[in-house]
Amino acid sequence: MEASDREPLLARLRGVVGDRYAFADPYEMRLYQYDASPETALPDIVVIPGTALEVARVVKICADAKVPITARSAASSLAGGTVPVDGGVVITFARMDRILEIDPDNLRAVVEPGVVNLALSQALKPHGYYYVPDPSSQGACTIGGNVGTNAGGPHTLLYGVTVNHVTGLELALASGELVQVGGCKSAAATGYDLTGLFVGSEGTMGIATKIWVKIQPIPPVQKTLMAVYPDVETASNAVSTIVRNGILPAAIEMMDKLSIQAIEAASHAGYPLDAGAVLLLEVDGIPELVEELGERMAKACRESGASEVRVAKNEAERQALWKGRKGAFSAMGRLSSDFYVMDGVVPRTRLPETLAKIDAISKRTGFKICNVFHAGDGNLHPLVLFDAFKPGQYEAVLRIGDEILKLCADAGGSVTGEHGIGLEKRENIRYVFSDDDLEVMDRIRLVFDPHGLMNPGKVFPGKAHKGSAPATVPGHAPRRAAAVAGGDDVWV
Amino acid sequence: MGVNARVQTLPGQEITVEEQRRFRVEDLLPSRVLRPADAQDAARELRLCDLAPAAVVTWGGGTQMRLGAAPRRYEIAFSTDRMTRLLEYEPADLTCRVEAGMRLRDLQESLLAQGQRLPLEPPHPDRATVGGMLAANANGLGRARYGTVRDWVIGIAVAYPSGKLARAGGKVVKNVAGYDLMKLHIGALGTLGVIAEVNFKVQTRPQVEATLIAHFDTPAPAIDAGTTLARQYLAPAAAVVLDQGALRDCGLTADWRWTLALKLEGYGREVEAARDRATGIIRDAGGRIEEAGVPSAFWDRARDWSAPDDDLVVLRAIVPLAALNAVLAAVPTDSHVMAQPAAGLVDARVAAGSAAATLERLRAAAGDEGQVIVAAAPAGVKKGLDVWGPPPSGFPIMHALKQALDPNGILNPGRFVGGI
């Protein structure tokens, strides 16, 4: 954007949010050029509105000026979902982080988009309730971002992902209107389910300014088991056996040998270093049932080839087991300076062959690939380890990622289970959808955003966008692994 | 153009008098019938309807045909009765893919053979089809515990008037690729496309089922016991509050006035604990546990109660849990009611003569956050009723979506919210 365009726009935006909350200083813009993906692009202006009405007015001003708008909260997107590839205005929700209502009588809570996922469950805890979707980044990611990507997490195996827990939305649309859609407090509204349609649309239909969510009673007891397997194949077969035998745990997570080594070095979770694979399983419920299910699950694990089954004896042990899993991505810094993560999904029964193929890719290319993932629902997170300072490695890793997503799609799966298509996978989406499928989706997008201003360049394949995708810009260093950078800032 | 000349230009087979009667909607009869063989065929035939253009009403089992306003036009009955195959089913993945014309009962039988089920029980599963269940968003009594249709559909293939067959979602239980068009078509009453195939996730059948019946002198404590249970861990799989008439319809004649019936499901220990807890809550609310139990067909009849085959007027209120008692109090005494307290839902079979006045009273009681719709009514009565109530706040977008996907307005014209 030329300065001659930017200055008057900035002035108008400042008229809405105040001088302090709209800025365009080049140094500050650099802070908003990235998310948790390797992609970057500079915005022209950043706006931090304080109310829904301000968001709507900001959107209206941008839309009138035909300036792209990208919504961003914690910017923990692993798919480049919040990178402003066409520049324009980034709207961020740091000031809209209020829990507006906790309503146990109607099993609902109402939040602003900037509320941190974990903060909601913490606020609900004294009432005996929680908000179910728990992305591993839940200490940082926001409910607004969760709505954008239809975020999942380890415990969505039994209880469903974000869309299953959102009943209504207030939306700022490209037209500048603020509309309320969905059931809000009651079970349903008349008309099309715009709430369900909007969740997971990655900011391309508008911006959620208020979110009505279901809340659920906290399970009285949780029991976490760790089962040790000689290899990933035995472990992944075990997942199908356990589920097929009528126990659907609240979570089943898998870590392979390489991940275990990284995690142990970083967080000393107590995973055995000589294991080929570890499954982390959790059941919840009333104490007497959890006891019984825990025993049945331990038995099923042993019968499916586990050499050892360890049950967390208390909350501290349980937290230690989960800490290892949730910190897995940051632990990768122990193994490699950089990594590239994928988010493919395969039917549970296709896990063994898919993991074997990924292993073959690793052997063929010479790049180490770790696997830490939501095994219960077949949601893989292969991490390709590399060194961004070695010429050609990043490009090679992107090709590996592409190959892995293709094989997930060919196994009857998907190219993204919870991270979203974003910028990263907008060409890979063709592996799962035909031109006709995408044409219908695009027609729907145009209903909400006829001028293509809402988070442009995301979800749909198509024209090349501005911005500095590392594959094309020489000298660009992809994101360094978190442990090297010195913080827990990358999760999955 | 004369009527006969017009009919000559329409796609599809000539229709017999018997078929005309079978595919009647309100007091309108179709001129032609189309019976596509599969999803691709459905898309091709829908294109022909669009070229005419001819008004289409999609038919599954016909169990929800009383829902919605009368069609503005109706020329072609578009029946899915040849699309009945179970296309894929992998028990270990807990997923399946079926054609839209498959009957719910047939699907459940295939799943049962593997110890699994789809925990959705819309009325009349012997006739209701998968596609109809989606289009009408027909949910059973388990919605508070197991969610609704939208929580179990993981993929969809839809035939559009453009002649395209387009998919969304997929075959895996966790998937965020592309727009979630499953949600758009569920409850859209066939106004945006013809649902041709559906992918579901399914679940293992619960190990134990039990029923608990209690009676009350007045409805409020029965409702309160039901909502208290819904707010706790171990929520019942179904909870219904019935008056005497509804209870009799479900096969149980009794001299008490109000009944709370609970279906408990789960692992054995869970069901035992749930029974103990429910017993305590019911006694605290002043209810008396009935030890005699219920007839075997009780839950089936309760499931079907909201979609009667006869010409009854059924109003459905969907309200915040806290507003349930106000709605129940507004139901006239000559009506019969069945409420699902955990889901915030009240169904009332009301007298045809006073249906309009009752609808107004219920809407006032439901408040801003509630909805009251006409779930079923004979054509004559329906003409005087505002079937859907005022259009919701997102209506202009809904209208634009309809324009985008069905520009000639051939799909179920006039039946849906706001005249869509």
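Keep in mind that this is a model prediction, so the values were computed, not measured. (Residues numbered from 1 in each chain as written. Chains lettered and ligands numbered in written order. Predicted model: local features only at pLDDT ≥ 70, side-chain atom pairs only at ≥ 80, totals over all residues. Heavy atoms only, no water.)

Enquirer: Explain the overall build of chain A residue by residue, including any values.
Expert: On a plain count of helices and strands, chain A comes out with 16 helices and 18 strands. Here chain A has a C-alpha radius of gyration of 22 Å; the compact-globule value for 492 residues is 23 Å, and the two agree. Summarising its shape, the C-alpha atoms of chain A cover approximately 70 × 60 × 45 Å along the three principal directions. Evaluated residue by residue, chain A yields a buried proportion of 64% over its 492 residues. Counting contacts in chain A only where the partners sit at least 6 residues apart, residues at least 24 apart contribute 72% of the total. For chain A, the accessible area works out to roughly 16800 Å², and carbon and sulfur atoms hold 51% of it. Charged side chains in chain A number 48 positive and 59 negative. The centres of these two groups are separated by 1 Å. (Helix = DSSP H or I, 4+ residues; strand = E, 2+ residues; numbered from the N terminus. Rg over C-alpha atoms; globule rule 2.2 N^0.38 Å. Buried < 20%, exposed > 50% of the residue type's maximum accessible area, 1.4 Å probe, protein only. Contact = heavy atoms within 4.5 Å. Areas by Shrake-Rupley, 256 points an atom, 1.4 Å probe, with all protein chains shown as cover. Lys, Arg positive; Asp, Glu negative; His and termini not counted. Charge placed at Lys NZ, Arg CZ, Asp CG, Glu CD.)

Enquirer: Summarise the overall build of chain B; cite the residues concerned and give the values.
Expert: Of regular secondary structure, chain B possesses 15 helices and 19 strands. For a compact globule of 420 residues, the expected C-alpha radius of gyration is about 22 Å, and chain B comes in at 22 Å, within 12% of that figure. A principal-axis box enclosing the C-alpha atoms of chain B has dimensions of 70 × 55 × 40 Å. For chain B, with 420 residues in total, the buried portion stands at 63%. About 15100 Å² of surface is accessible on chain B, with carbon and sulfur atoms providing 48% of the total. Side chains of chain B carry 47 positive and 47 negative charges; the gap between the two charge centres is 3 Å.

Enquirer: Describe the packing of helix H8 (residues 232-244) of chain A against helix H13 (residues 351-365) of chain A, with residues and values.
Expert: Residues and elements named next belong to chain A. One can describe the packing of H8 onto H13 by two numbers: an axis separation of 8 Å at closest approach and a directional angle of 155 degrees. For the element pair H8 / H13, the angle class is roughly antiparallel. Crossing of H8 against H13: the hand is right-handed. Contacts between H8 and H13 involve Val232, Glu233, Ser236 and Asn237 from the former and Leu351, Pro352 and Leu355 from the latter. (Axes fitted to C-alpha atoms, helices over the stretch in contact; angles between N-to-C directions. Parallel < 35°, antiparallel > 145°, perpendicular 65-115°, else oblique. Left-handed = near helix turned anticlockwise from the far one by under 90°.)

Enquirer: Please give an account of the side chain of lysine 183 of chain B that cites residues and values.
Expert: Looking at where lysine 183 of chain B falls in the secondary structure, it is placed in helix H7 (residues 181-185). Taking the relative accessible area as the measure of exposure, lysine 183 of chain B reaches 3% and is therefore buried. Aside from chain neighbours lying at most four places away, what touches lysine 183 of chain B is Val163, Asp193, Gly196 and Leu197 of chain A together with Arg150 of chain B.

Enquirer: Report on the sheet that holds strand E12 (residues 208-216) of chain B, specifying residues and quantitative values.
Expert: Residues and elements named next belong to chain B. Spatially, E15-E12-E14-E13-E17-E18-E16-E19 is the arrangement adopted by the eight strands of the open sheet, whose pairing is antiparallel. A strand with exactly one partner marks an edge of an open sheet, and here the two such strands are strand E15 (288-290) and strand E19 (371-376). Averaged over all pairs of adjacent strands, the angle between their axes in this sheet comes to 25 degrees, without regard to strand direction. On top of the sheet, helix H8 (residues 219-230) reaches E12, strand E13 (238-243), strand E14 (258-266) and strand E17 (336-340); it is set at about 15 degrees to E14, its chief contact. (Pairing = 2+ DSSP bridges.)

Enquirer: With reference to specific residues and values, describe the nonpolar core.
Expert: Formed by 194 residues in total, the largest nonpolar core has its most connected members in Ile444 of chain A together with Leu134 and Phe200 of chain B. The element contributing the most residues to this core is helix H14 (residues 393-410) of chain A, with eight residues. Setting aside its immediate chain neighbours within four residues, leucine 134 of chain B contacts Val149, Val153, Ile156, His185, Ile186, Gly187, Ile195, Val198 and Phe200 of chain B. Core analysis: the second largest hydrophobic core is formed by 28 residues, Leu258, Ala269, Leu280 and Val341 of chain A among them. (Core = buried A, V, L, I, M, F, W, Y, C linked by side-chain atoms within 4.5 Å.)

Enquirer: So what about the interface of chain A and chain B? Which residues, and what values?
Expert: Counting residues at the interface gives 87 residues for chain A and 69 residues for chain B. Between chain A and chain B, the buried area comes to about 6300 Å², and carbon and sulfur atoms account for 61% of it. Together, Thr190, Tyr192 and Arg244 of chain A form the three largest contributors to the area buried by chain A at its contact with chain B, with a combined 14%. Counting the contacts that link chain A with chain B gives six salt bridges. For arginine 269 of chain B, the salt bridge is made with glutamate 292 of chain A, and the minimal N-O distance between the two is 2.6 Å. Inspection of the chain A/chain B interface yields 20 residue pairs in polar contact (both at pLDDT 80 or more). Of all the secondary-structure elements, those providing two or more residues to the side of chain A that touches chain B are helix H6 (156-159), strand E9 (178-182), helix H7 (194-198), H8, strand E14 (277-285), helix H10 (287-303) and helix H15 (435-448) of chain A. When residues in the side of chain A that touches chain B are grouped by element, the largest group, 10 residues, is from H15 of chain A. Of the residues assigned to the side of chain A that touches chain B, the class counts are 42 nonpolar, 28 polar and 17 charged. (Buried area = accessible area lost by both parts, 1.4 Å probe. Salt bridge = Lys/Arg side-chain N within 4 Å of Asp/Glu carboxyl O. Polar contact = N/O pair within 3.5 Å; in protein donor to acceptor, adjacent residues only side chain to side chain. Nonpolar A, V, L, I, M, F, W, Y, C, P; charged D, E, K, R; others polar.)

Enquirer: Which residues make up the sheet that holds strand E2 (residues 45-47) of chain A, and what values do they have?
Expert: All names here are of chain A. With mixed pairing, four strands are arranged side by side in an open sheet as E1-E2-E4-E3. A single partner strand is all that each edge strand has here, and the edge strands are strand E1 (22-23) and strand E3 (69-72). Examined bridge by bridge, E2 and strand E4 (residues 89-92) share three bridges and lie parallel to one another. Along E4, the bridge assignment pairs isoleucine 45 with valine 89.

Enquirer: Describe in detail the side chain of aspartate 437 of chain A, supporting the description with residues and values.
Expert: Along the chain, the position of aspartate 437 of chain A falls in helix H15. Buried aspartate 437 of chain A, no salt bridge; nearest opposite-charge side chain is arginine 167 of chain B, N-O distance 5.7 Å. Residues in contact with aspartate 437 of chain A, not counting those within four places in the same chain, are Val432 of chain A together with Leu165, Ala166 and Arg167 of chain B.

Enquirer: Run through the packing of H13 of chain A against H14 of chain A, naming residues and quoting values.
Expert: Residue and element names in this part refer to chain A. Packing of H13 against H14 brings their axes to within 11 Å, and their N-to-C directions diverge by 160 degrees. Judged by the inter-axis angle, H13 sits roughly antiparallel to H14. The way H13 lies across H14 gives a crossing that is right-handed. Contact residues: Thr354, Lys357, Ile358, Ile361, Arg364 and Thr365 in H13; Ile400, Glu403, Ile404, Leu407 and Cys408 in H14. For the contact of H13 with H14, the class distribution of residues is six nonpolar, two polar and three charged.

Enquirer: Please provide a residue-by-residue account of the pairing of strand E17 (residues 369-374) of chain A, values included.
Expert: Residue and element names in this part refer to chain A. With six of six residues buried, E17 is to be regarded as a mostly interior element. Alternating residues of E17 divide into Ile369, Asn371 and Phe373 and Cys370, Val372 and His374, and every residue in both groups is buried. Bridge count between strand E13 (residues 251-256) and E17: three bridges; the pairing is antiparallel. Opposite glutamate 253, over in E17, you have histidine 374 as the bridge partner. Examined bridge by bridge, E17 and strand E18 (residues 382-386) share three bridges and lie antiparallel to one another. Within the sheet, the bridge partner assigned to asparagine 371 lies in E18 and is proline 382.

Enquirer: Give a detailed account of the pattern of salt bridges, specifying residues and quantitative values.
Expert: Residue and element names in this part refer to chain B. What the rule picks out here adds up to 52 salt bridges over all chains. Here arginine 363 ties to aspartate 386 by a salt bridge, and the two come within 3.9 Å at their closest N and O atoms. Within this pair, whereas arginine 363 is found in helix H13 (residues 355-366), its partner aspartate 386 is found in the loop between helix H14 (379-382) and helix H15 (395-405), the two being separated by 23 residues in sequence. Using a relative accessible area of 43% as the deciding quantity, one classes aspartate 386 as partly exposed. Overlapping salt bridges, with partners in common, bring together Glu88, Arg97, Arg167, Lys171 and Glu197 in one network.

Enquirer: An account of unusual backbone geometry is needed here, citing residue identities and associated values.
Expert: Going from alanine 52 of chain B to proline 53 of chain B, the amide bond is cis rather than trans, its omega being -20 degrees. Residue placement: proline 53 of chain B occurs in the loop between helix H3 (39-51) and strand E3 (56-59). The backbone of lysine 66 of chain A sits at a positive phi, close to 55 degrees, despite the residue not being glycine. When you line up the elements, lysine 66 of chain A lands in the loop between helix H3 (52-64) and E3. Here the phi dihedral of leucine 107 of chain A falls at roughly 55 degrees; this positive angle occurs in a residue that is not glycine. In this structure leucine 107 of chain A comes out as buried when scored by relative accessible area, which is 13%.

Enquirer: Report on H3 of chain B, specifying residues and quantitative values.
Expert: Residues and elements named next belong to chain B. The end-to-end C-alpha separation of H3 is 19 Å, in line with the 18 Å expected for 13 residues at 1.5 Å each. Considered for burial, the residues of H3 that qualify are Ala39, Asp41, Ala42, Ala43, Glu45, Leu46, Cys49 and Asp50. Buried-residue contacts for H3 involve strand E2 (32-34), E3, strand E4 (76-79), strand E8 (153-159), strand E9 (165-169) and strand E10 (194-201). Two or three places before glutamine 40, at the start of H3, stands the capping residue aspartate 38, its side-chain oxygen 3.2 Å from that residue's backbone nitrogen. (Expected span 1.5 Å × (residues − 1).)

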